[in-house]
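Fold and geometry: a report
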Amino acid sequence: MSSRHARLRGSRVGLRVLGLFVLAAAAPLLALALLAQQVIDEALARSNAEILAATAKASSLQTLDRLRLARQSLLAATAGAPIGADDEHPLSAAVDMDARGRPVVQRDGPGTARLLAMARGVAAGAQARLLIVPDVAGAPDVVLRQPLEDGGARLGLVARDFLWDGFDELPAGLWMCALDDQGRPLQCSHPGMAERAAHQLAGKTAADGAQDGTRGLFLAADFGAPDWHFVAGFDDDRADAAAQSLRRQLPLAGAAVLLLALLLTMVQLRRTMTPLLALTEGARQIAQRRTGTRLAITSQDEFGELAGAFNHMAVRIEAQFAELETLAAIDREIVDGADLATIGAQIVQQLQRVLPQRAVALAYLPNLDARHLVGIVAAPTLPDTRSYRIAAEPAVLARIGAAPGWLPLDGVLEVPGLGGGAALPLRRRDRCHGFLALGAGPAPDEDAQRQIHELRNRAAIAAGAAERERSLIHAARHDPVTGLLNRHGLDDTLQQALASTGPGAAQLAVLFVDLDRFKSINDSCGHAVGDQALRQAADRLRDCLPEHAQAARPAGDEFVVLLPRAGDGRAATALAQAINDSLAQPMLLGDSLFFVRASIGVALCDDARAAGEAVLRQADQAMYQAKRAGGGRYALFDPQIDRQARRRAWIEADLPLAAERGELRLVYQPRVARDGTIVSVEALLRWRHPEYGECPPGEFIAVAEQSSLIEHVGRWVIEQACSQARAWRDAGIDGLRVAINLSARQIASDLLLHELRSAMARHGLLGADLEVEITESLLVEQTDSTLERLHALRRLGLTIALDDFGTGYSSMSYLRSLPIDVLKIDRAFVRDIGHDHSALAVARAIVALASSLGMRTVAEGVETAQQLEALQELRCDELQGYLFSPPLEAGAIAERLRAAATPEPTLSP
C-alpha cells in the first residue's frame, strides 16, 4: 500500500470522510436495490399485462373477422348447395325461413340437424343478426340471422372449429376465454378457466394472483348484438420466478459496487474534494447573483476545464444579467408610459455599451404631425449623449421603413455625429416610427447583433406605444371632421387657459362662432356636403388665429376660439371681425357656391376661479344676441343677457308646476260699452312665485309661448275661466262675456277644440259666453288647418277677436278670409292719441275698416279722458283700460256688476 493511502487511512479527517462515504454509499445502494426490485416487478407486471391485453385483442379481432366471413358466406349461400364440405368453411349449416318461421330452403351441412332444431325459435326471436343458442348438451352455438325481403330470415350456424380456431394454440402457461355479455362462457382454451374469466370480467382478482387481461368485442354495429368479452391470463408464476433470481443477484452486485467505490475513493478522495468544493461554492455564489465570482483552479484535468468553463459562464451570466436588467428597466419604462426621449436615451446608452467603439443613434417621430425626427446620438468622441433635430421628408422615412434590413445612410439621410453607417427601421404594425443607426466600424458579432435587435424591437414597441397613446389622446380630444378640438379637448384647454388668467394677467377671450343657415346646406345637399363646409370653415378659422389661440368644434355647426392674453378685448373683437370677413367669402361645395356667414359671441374673463362652462355660456348668449341682430356679425357679452337667461331658466323649470302649487290665478279687466256699462271682461293670467314674487305676464307668457308650456298653461286658463263664468251665472250675473287669450301654438294644436268643447260642456256654457283672442301673427302663419280651426271655433258660437291689430303684419286679404268678429286697437295707438295725429288717424282707419267688414272694435289701454273722448267720437264699440278699472279679482268684478254702476274714470299708475 502506498504512502498516500497510508496517510489517508491514518488521517482522522480522511477516516471520517471515508466512513461518511461508506454510509452515504451503502444507503443509496440499498435504496437502489429496493427501487430496482420495485421497477423490475412493475416492468414484469406491465409486460405481462401488455402480453395479456395483446392476446385478448388479437383473439377478439380474429373472432370478429371470422364472424364477418361467416356473414359473407351466409349472404353468398345458394339454394341446394351443400355447406361445410371442408373443415375450413365458416358455416356448418344454413336454412331460409319464411315469415311464419317455416323452413323454405335449406343448405345441408354438418350442423343441419342442430340448426333445424333451433330454427323456429331463432326465426321468431329478436331482430338481432347474431344469436347464441345452446345445443342439447348446453354448449353454445353461434347463429347468424339475415332478414329477407319477404319478411323471412336466413339462418346460418357458425362452425365452432372455424370460429374458435387458435384458442388451443396459445403459448404455454397462457389461457383464453370468450364470454357473452352476461359473463357466460362461449369458448375457453383450458378447462376450469371459465370461472376465473367470469370473475375477472366482473372486476374480481383471481385467487392465485395471476394477472389477467380483458378485451371487449363490439358487435352492435355489425350484428346488432350485445358485446362479447375476451379474457386472457397466466396460470403460472413466471414473473415471480424471474424476480426471485434478481433478488439473489442484487446483494452480490451491491457488495461488489461498494467495494469498488471504497477502492476508488481512497485514490480520488484528495484529488476530488478540493476542486469539487470550490466548484460548489462558486455555483452557490452565482445562484446568489454574485456574478463576479471566479475560480482559481489550474489543474490540467477535467476539473481545470470545468473551472475554465465555469469562469466563462460566469462572465456570460454577468453580461446577460446586466443586459436583462437594462432590458427590464426599459420594459418597465414602456409599461409605465415613460417619455419616449427617456426610453430612447436608455436604449442608446445600452447600445454604446454593446458597441463601445462605434457611434450609435436612435431617431423617432416626436408627435403625430411632426415634420422632423428627434435623434439621440452617442459616440466615442462625444462626452455625453446628445439630441438632434433631424429633418426628414416622409419619403425618406418610408424608404427606411421599406428596407428589409440594414440600409446604408450615405445619400439617404444625414445624422449628426454618425459619419455614415447604416440604419435599421423601427417597424411596428406596418408603420415605420423611426430608425436605429450605427456608425461605420467593424461588424458586430452574433451576440451583439442579438442585443441590437432586442433593443431595436423595444424601441419600435416604445415608439408604437407612444404613437398609439398620442393617437388615442388625439382622437379623444379632436373632432374627426375638422381636426379641431372636440368638446373634451375644449374643456381641458379652457381649464388650462383659465388657470393662467387673473387680475395681474391678461384676460382670456372666448369666441363662440355659429354658422348662419348651415342647416339649409345639410337639408339641400346632404351631410357629406355639410361636412365639406365644416372643414372649409375650420380651415378659414385656423388661418385667422394667432399663434397662441386654440380652436374647437364642440358640436354641430358651432366653433369655439380661445384667445389668451386678449388684453382689453380689442384683440378679441378684431379676431371676431377677421373670422366674419373670412367666412363671408363664398365656399365652393361640390359644383355650387354657397355664402355662409357666422354669428359670433365674445366673452372676456379675468378670473382664474371662473367655471369654463359659465364662460362658454356667456359667449353662447352673446352669439345669440348677434344672431338676433341679423347674423353675420359679432356681439360682446352683456351681463344683462345672462340675468335674463337665468330668469328664463327658472321660469321654464317652475312654470309647469305653478298651477298644481296654486301659484297661478286669473284676474279680469272689465271692458265697457260706449254707455259705460260692463259688457265683457278679459281673463288675464298672473303668477306669484313663492321665491321671486310676482312675475310679469309679459315675461313668463313669452317664455311659455316659445315652448310647449303654453299648451299646459292654456288648458288651465280655459278651465278656470269657464269655471268662473259658470260661477257668475250661478250668482245671477248674466250676459257677461269672458275673453280668453289663445296663442298661435294653441290654435295649431289638435286638442284645442276638444278642450274648449269639454270645458264648456262641463260648466254648462254657451258659445256666446266666451270670446277668444288671437294674435296677429296668425295672419302670417295662416295655413288651411289654422283657418279650419278658426271656423270650428266660430261653429261653437265663440266670439273671435284679433288682438293688437295694426302692430304686426296685417294683410287685408288675410283679414277678409279669417272669421274675425272683433278688432282690438293696440294700446300703442291709444297711448299716443292726443299728442300724435297719426295715432288718431290709425285708430280712425281701424274703426272704419272694422265697420266696413261688419266687425266690432275694442280699444285697450285707455287711461285718459282725452283718449276716451276721442275714441267715443270714433264710435269704438268697447273700451278697456285703467281709466275704467285695473284687472280685478273675480269677487271684485261681481261686486261692481251688482252695484250696476260704471266706475269713476280714474288714472291708475
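Residues numbered from 1 in each chain as written. Predicted model: local features only at pLDDT ≥ 70, side-chain atom pairs only at ≥ 80, totals over all residues. Heavy atoms only, no water.

1. Quick word on the packing of aromatic side chains
Inspection of every chain in the model, using the stated rule, returns 5 aromatic pairs. Ring plane angle 55° and centroid distance 5.5 Å describe the contact between tryptophan 650 and tryptophan 687, whose orientation is recorded as tilted. Of the two residues, tryptophan 650 is situated in helix H17 (residues 639–658) and tryptophan 687 in strand S24 (residues 678–689); the sequence distance between them amounts to 37 residues. This pair shows no difference in class: tryptophan 650 is buried, exactly as tryptophan 687 is. Three or more aromatic residues link up through ring pairs in this structure, and these residues are Trp650, Trp687, Tyr692 and Phe700. Over the ring of phenylalanine 162 we find arginine 66; its NZ or CZ atom is 5.0 Å from the centre of that ring. Positioned over the ring face of phenylalanine 223 is arginine 71, at 5.0 Å from the centre of the ring. (Phe/Tyr/Trp six-rings, centres within 6.5 Å; stacked < 30°, edge-to-face > 60°. Helix = DSSP H or I, 4+ residues; strand = E, 2+ residues; numbered from the N terminus. Buried < 20%, exposed > 50% of the residue type's maximum accessible area, 1.4 Å probe, protein only. Lys NZ or Arg CZ within 6 Å of the ring centre and 35° of its normal.)

2. Thoughts on H17
Every α-helix winds through 3.6 residues per turn, so residues three or four apart in the chain are directed the same way. When the terminal C-alpha atoms of H17 are compared, their 28 Å separation across 20 residues agrees well with the 28 Å that a helix rising 1.5 Å per residue should span. Along H17, the helix axis deviates most sharply at glutamate 652, where the bend reaches about 30°; the proline proline 656 sits within four residues downstream. For H17, the full list of buried residues reads Ile641, Asp642, Trp650, Ile651, Asp654, Leu655 and Ala658. (Expected span 1.5 Å × (residues − 1). Bend = angle between axes of the 7 residues up to and from the residue.)

3. So, the state of the cysteines
Counted according to the given criterion, the structure contains 1 disulfide. Across the disulfide, cysteine 177 is cross-linked to cysteine 188 (sulfur-sulfur distance 1.9 Å). Residues cysteine 177 and cysteine 188 are joined through a disulfide that is right-handed, its torsion about the S-S bond being 115°. Of this pair, cysteine 177 sits in strand S6 (residues 174–179) while cysteine 188 sits in strand S7 (residues 185–188); the two residues are 11 residues apart in sequence, bridging distant segments of the chain. (Disulfide = S-S within 2.5 Å.)

4. Some thoughts on unusual backbone geometry
At arginine 517, a residue that is not glycine, the phi angle is positive and equals roughly 55°. Mapped onto the secondary structure, arginine 517 falls in the loop between strand S16 (508–515) and helix H13 (518–525). Its relative accessible area of 54% is what places arginine 517 among the exposed residues. Unlike most non-glycine residues, arginine 875 shows phi in positive territory, near 60°. Tracing the backbone through its elements, the reader meets arginine 875 in the loop between helix H26 (865–873) and strand S31 (878–880). What makes arginine 875 exposed here is its relative accessible area of 56%.

5. A short note on the sheet that holds strand S18 (residues 558–563)
The 5 strands lie next to each other as S17-S18-S16-S21-S22, forming an open sheet whose pairing is mixed. Strands with a single pairing partner mark the edges of an open sheet, and in this sheet they are strand S17 (550–555) and strand S22 (634–636). Neighbour to neighbour, the strand axes of the sheet diverge by 20° on average, direction disregarded. Judged from the 6 bridges that link them, S16 and S18 form a sheet pairing that is antiparallel. Within S18, the residue paired with aspartate 514 across the bridge is glutamate 558. Contacts from helix H15 (residues 570–583) reach S16, S18, strand S21 (598–605) and S22, with the element oriented near 165° to S21. (Pairing = 2+ DSSP bridges. Axes fitted to C-alpha atoms, helices over the stretch in contact; angles between N-to-C directions. Contact = heavy atoms within 4.5 Å.)

6. With respect to the pattern of salt bridges
Applying the stated rule across the entire model yields 33 salt bridges. Between aspartate 96 and arginine 154 there is a salt bridge, with its nearest N and O atoms 2.9 Å apart. Pair noted here: aspartate 96 is in strand S1 (residues 91–97) and arginine 154 is in strand S5 (residues 153–158), with a separation of 58 residues, a long-range link. Using a relative accessible area of 14% as the deciding quantity, one classes arginine 154 as buried. One salt bridge in this structure joins aspartate 141 and arginine 160, with 2.7 Å as the shortest N-O distance. Taken together, the residues span a long stretch of sequence, with aspartate 141 in strand S4 (residues 140–147) and arginine 160 in helix H4 (residues 160–163) at a distance of 19 residues. (Salt bridge = Lys/Arg side-chain N within 4 Å of Asp/Glu carboxyl O.)

Don't take any of this as a statement about function, it's just geometry.
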